[in-house]
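# Examination of the molecular architecture
Take a look at the letters that make up each chain.
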Amino acid sequence: MSDFFQSEMVRGDLQELAKMQEYCMKAAHVFPALAPVKKLEYFDILQEMIEKQKVFYTRLKLSDDPEATEMADSIKQAAVMFGASDSEDANVVFDELIGKIEEMRQHLKAEGY
């Protein structure tokens, strides 16, 4: 494993992201049955997770570590598969996801929750 991924800070961030992803995956499966307050909590955690992913992606891009660069490239390719152009940064997709979460949050609030 490379120096970048050996960093205690990076490993802690990855563990935190993994916990958030696990929570979001579980909550997504039962989302329709969640109480409105739990749905808002889900949106908050989902948005926080995506914001942390944005920061992590930026750290990957700034690193000269080969494994970090490779992971940043993989994320970029995934962003292209999700609609970003080759010339756009993967953060475009992260920002679009955050926008969609805000729309869902507003829709739920408009329903009186």
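Throughout what follows, the structure given in this document is the object of discussion. Keep in mind that this is a model prediction, so the values were computed, not measured.

## A look at the pattern of salt bridges
Scanning the entire structure with this criterion turns up eight salt bridges. With a shortest N-O distance of 3.3 Å, lysine 52 and glutamate 16 are connected by a salt bridge. Of the two residues, lysine 52 is situated in helix α3 (residues 36–62) and glutamate 16 in helix α2 (residues 8–29); the sequence distance between them amounts to 36 residues. Glutamate 102 is paired through a salt bridge with arginine 105; the nearest N and O atoms lie 2.6 Å apart.

## What to know about the environment of serine 63
Mapped onto the elements of the fold, serine 63 is located in the loop between α3 and α4 (66–81). Judged by relative accessible area, which is 17%, serine 63 ranks as buried. Each C-alpha atom, one on serine 63 and one on phenylalanine 4, is 7.7 Å from the other, the two residues being 59 residues apart in sequence. The contacts of serine 63, once residues within four sequence positions are left out, are Phe4, Ala68 and Thr69. A polar contact of 3.0 Å, which involves the side chain of serine 63, links it to the backbone nitrogen of aspartate 65.

## Topic: helix α5 (residues 91–110)
The first and last C-alpha atoms of α5 sit 28 Å apart over 20 residues, in line with the 28 Å expected at 1.5 Å per residue. Of all the positions in α5, only Asn91, Val93, Phe94, Ile98, Ile101, Arg105 and Leu108 are classed as buried. Around the axis of α5, the buried residues are gathered within 160° of arc, so they sit on the same side. Structural note: α5 exposes Glu103, His107 and Ala110 on the side pointing more than 90 degrees away from its buried face. On its buried face, α5 sits against α3 and α4. At the exit of α5 stands glycine 112, carrying a positive phi of roughly 100°.

Each value, and the rule that gives it
- Sequence order sets the numbering: in each chain, residues are counted from 1 along the sequence as written.
- Side-chain atom pairs in this predicted model are given and counted only at pLDDT of 80 or more, local residue features only at pLDDT of at least 70, and totals for whole chains, interfaces and linings cover all residues.
- The basis for every side-chain value is the complete set of heavy atoms in the structure, and neither hydrogens nor water enter the calculation.
- The term salt bridge refers to a pairing of a side-chain nitrogen on Lys or Arg with a carboxyl oxygen on Asp or Glu at a separation within 4 Å.
- Here a strand is any run of E in DSSP of at least two residues, a helix any run of H or I of at least four, and the numbering for each starts at the N terminus.
- Buried, partly exposed and exposed residues are distinguished by accessible area as a fraction of the type maximum, computed with a 1.4 Å probe on protein chains only: under 20%, between the cut-offs, and over 50%, respectively.
- Only heavy atoms enter the contact rule, under which two residues are in contact if any of them lie within 4.5 Å.
- By the criterion applied in these results, polar contacts are pairs of N or O atoms within 3.5 Å in which, for protein atoms, one can donate a hydrogen and the other can accept it, and in which residues neighboring in sequence qualify only through two side-chain atoms.
- By definition here, a helix of n residues has an expected span of 1.5 Å times n minus one.
- Along the arc lie the directions from the helix axis toward the C-beta atoms.

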